[in-house]
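Understanding the architecture of this molecule
Okay, here's what each chain looks like letter by letter:
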Amino acid sequence: MKFRDEYRDAAAARRIADAIARTATRPWTLMEVCGGQTHAIVRFGIDELLPDGLSLVHGPGCPVCVTPVEYVDKAVEIAGRPGVVLCSFGDMLRVPGTSGDLLAAKSRGADVRVVYSPADAVAIARVEPEREVVFFAVGFETTAPANAMAAVLARREGLENFSMLVSHVLVPPAMRTILEAPGNRIDGFLAAGHVCTVMGFEEYEPIAAAYRVPVVVTGFEPVDILEGVYLCVRQLEAGRAEVENQYARAVRREGNRAALATMREVFRVVPRRWRGIGDIADSGLGLAEGYAGFDAERRFGPVLLEAETAGECISGAVLRGERRPPDCPAFGTRCTPEHPLGVTMVSSEGACAAYYRYRGAAAVAGGRR
Amino acid sequence: MCLAIPGRILDMTGDEPILRVGRVDFGGIVKQINLAFVPEAQVGDYVLVHVGFAITVIDEAEAERVFRHLEEIGELAVEEGGPA
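All residue numbers refer to positions counted from 1 along the written sequence of the respective chain. Ligands are numbered from 1 and chains lettered from A, in the order in which they are written. Only residues with pLDDT of 70 or above have their local features reported here, since the model is predicted, and side-chain atom pairs are shown and tallied only from 80 upward, although totals for entire chains, interfaces and linings are computed over all residues.

**What to know about the overall build of chain A**
Each helix and strand counted, chain A has 17 helices and 11 strands in total. Against the globule reference of 21 Å for 369 residues, chain A gives a C-alpha radius of gyration of 21 Å, in line with a compact fold. Counting other C-beta atoms within 10 Å of its own, a residue is labelled buried from 20 upward, exposed at 12 or fewer, and partly exposed in the gap between, with every C-beta atom placed from the backbone. Looking at chain A as a whole, 56% of its 369 residues qualify as buried. A run of DSSP states H or I qualifies as a helix once it reaches four residues; a run of E qualifies as a strand once it reaches two. Both are numbered from the N-terminal end. The atom set for the radius of gyration is the C-alpha atoms, and the globule formula is 2.2 Å times the number of residues raised to the power 0.38.

**Let's talk about the interface of chain B and chain A**
Interfaces are frequently sized by the accessible area removed from exposure as the parts join. Facing 32 residues of chain B, the contacting portion of chain A comprises 43 residues. Looking at the side of chain B that touches chain A, the elements that each hand over two or more residues are β4 (46-50), β5 (53-57) and α1 (60-81) of chain B. If you tally residues by element for the side of chain B that touches chain A, the top one is α1 of chain B, at 10 residues. For this classification, Asp, Glu, Lys and Arg are treated as charged, while Ala, Val, Leu, Ile, Met, Phe, Trp, Tyr, Cys and Pro are nonpolar and the rest, including Gly, are polar. Split into classes, the residues belonging to the side of chain B that touches chain A amount to 21 nonpolar, seven polar and four charged. What counts as a contact here is a pair of residues whose C-beta atoms, placed from the backbone, lie within 7 Å.

**A short note on unusual backbone geometry**
Negative phi is the rule for most residues except glycine; trans is the rule for most peptide bonds. Although it is not a glycine, Asp282 of chain A adopts a positive phi angle of roughly 50 degrees. Its place among the elements puts Asp282 of chain A in strand β11 (residues 278-287). For Val51 of chain B, which is not glycine, the phi torsion reads 40 degrees and is therefore positive. Among the secondary structure elements, Val51 of chain B is positioned in the loop between β4 and β5.

**Notes on the domain arrangement of chain A**
Residues and elements named next belong to chain A. What the domain assignment reports for chain A is domain 1 (5-63 + 172-245) and domain 2 (64-170 + 257-300). For each domain, the first and last residues come from an automatic or database assignment. The distance between the C-alpha centroids of domain 1 and domain 2 comes to 30 Å. In this complex, domain 1 contributes 13 residues to the contact, which on the side of domain 2 involves 20 residues. Secondary structure elements with two or more residues in the side of domain 1 that touches domain 2: α8 (171-180) and α9 (193-199). In terms of residue count, α9 provides more of the side of domain 1 that touches domain 2 than any other element does, five residues in total. Each residue belonging to the side of domain 1 that touches domain 2 can be placed in one class, and the counts come to 10 nonpolar, three polar and no charged.

**Thoughts on the packing of helix α7 (residues 144-156) of chain A against helix α12 (residues 257-266) of chain A**
Residue and element names in this part refer to chain A. In this description, a line fitted to the C-alpha atoms serves as the axis of each element, helices being fitted only across the stretch in contact, and the angle between N-to-C directions of two axes falls anywhere from 0 to 180 degrees. Interhelical geometry of α7 versus α12 gives an angle of 60 degrees and a closest axis separation of 8 Å. In terms of axis orientation, α7 runs oblique to α12. Remark: the crossing between α7 and α12 carries left-handed chirality. Along the contact surface, α7 presents Ala144, Pro145, Ala148, Met149, Ala151 and Val152, while α12 presents Ala259, Thr262, Met263, Glu265 and Val266. Throughout this description, any angle smaller than 35 degrees is read as roughly parallel, any larger than 145 degrees as roughly antiparallel, any in the 65 to 115 degree range as roughly perpendicular, and the remainder as oblique. Each crossing gets its hand from how the near helix is turned against the far one by less than a right angle, where anticlockwise is left-handed and clockwise is right-handed.

**Some points on the pairing of strand β8 (residues 215-218) of chain A**
Residues and elements named next belong to chain A. Here β8 shows no split at all, with Val215 and Val217 on one side and Val216 and Thr218 on the other all buried. Relative to β8, strand β7 (residues 188-192) runs parallel, the two being bridged by four bridges. Counterpart to Leu190 in the pairing with β8 is Val216. By the bridge criterion, three bridges tie β8 to strand β9 (residues 243-245) in an arrangement that is parallel. Directly across from Val215, in β9, lies its bridge partner Val243. The handedness of the β8 to β9 crossover, carried by helix α11 (residues 222-238), is left-handed. Paired strands are those between which DSSP finds at least two bridges. By convention, orient the strands away from the viewer: a clockwise path from the first strand over the helix to the second makes the crossover right-handed.

**Regarding the sheet that holds strand β2 (residues 54-58) of chain A**
Residue and element names in this part refer to chain A. Spatially, β2-β1-β7-β8-β9 is the arrangement adopted by the five strands of the open sheet, whose pairing is parallel. The open sheet has two edge strands, β2 and β9, and neither has a second partner. Direction aside, the axes of adjacent strands within the sheet are offset by 25 degrees on average. Where helix α2 (residues 35-43) meets the sheet, its contacts fall on β1 (28-32), β2, β7 and β8, and the angle it forms with β1 comes to roughly 125 degrees.

Okay, structure coming up:
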């Protein structure tokens with residue numbers, strides 16, 4: 001596939017890895033904040049191409065993983081009501097709620113449907129006017145314009161049987177939270193390429209300046225990620241802390257204006273709780289007043305957040321980049337994708353699932369990275 | 001979750017910007033994609049598609065820049081490494 005395969009070229013990847021090894025003179029710790037990048041790193045063994053002392057830690061880059069359990073519970077509750085169709089991206093179906101997941105609700109007879117696009121949920125509302133169609137709208141900035149467009153289309157068509165359970169999150173506030181945490185060891189960030197396709201990267205410039213960390217907007221293929229690492233290390237070695245754009249084929253500084261306009265029409269910035277991390281001010285999106293009529297929480301009652309309880313699972317520390325999946329005593333033994341203890345093992349983009357899938361026994365045995 | 005796949009626009013329909021859709025070819029698999037967020041897109045352009053929506057037109061000149069940069073990195077290596 002054009003614009004993908006050439007970025008998986010092993011010889012090109014090796015050359016950049018060599019350049020990184022020549023450039024790095026000190027140990028550095030870089031964080032990527034996108035589950036897609038985490039998976040590429042683990043799948044292609046990108047971390048294993050890096051010199052000793054240069055580590056990649058995985059941040060809270062998986063919207064499914066950071067969605068509070070109470071939203072899953074609410075989705076399960078709504079799905080169980082008569083006459084409701086609950087539409088969701090496939091990733092959410094196996095995320096455990098307090099009493100089961102959406103897949104279990106479906107097996108009990110709830111009408112839970114996986115949609116590829118939010119526009120599919122609107123289409124269901126259009127052709128099944130006698131049903132209440134609720135779309136579980138999760139995601140980062142990448143997904144926000146598409147989910148916003150669902151509301152725009154529903155309003156335009158006067159679909160009163162459509163609503164959205166919104167748990168959208170924003171990346172930069174989480175980066176600030178990680179940088180401000182006691183014991184923070186992040187020297188630089190690979191910023192999530194597709195988040196920046198939508199948002200641009202101006203909002204990262206104050207972060208780079210205030211915390212003295214390089215931020216490199218980075219793509220998703222091995223050559224992209226290695227080049228992102230190279231640019232980040234080059235900045236660190238030179239004592240620079242700037243925003244650079246590795247992924248210029250898909251990211252402009254100002255982002256996607258049309259997408260941003262729709263997103264800002266439909267959503268407003270709200271505080272959000274991140275599972276495993278806690279409450280972060282201004283870190284999410286909720287429906288703006290003009291679209292409040294599509295808010296599933298207004299139709300079916302609000303999501304009530306409770307204190308998170310700690311268990312054996314270390315997914316919170318994994319999401320904060322403090323621990324690696326193989327550090328967990330339950331990893332690969334008591335916790336597997338079939339029987340997950342935590343959401344980072346469930347989601348196809350969770351860090352634990354990536355290590356389990358691509359490293360398997362090697363990770364369980366406690367590999368170096 | 002933020003996965004976006006590159007594909008080539010085969011055709012497009014829809015008069016109003018927010019209703020503009022097109023058939024996009026992803027290496028042989030063709031899907032109907034919403035083009036509302038890429039008003040500048042033309043037939044033949046490559047777009048990145050996320051959850052059924054094109055989120056950007058791929059800048060082909062920039063796409064090649066990565067590999068030019070690679071050449072520079074390689075040349076730098078020769079200079080820095082000096083004679084073996």
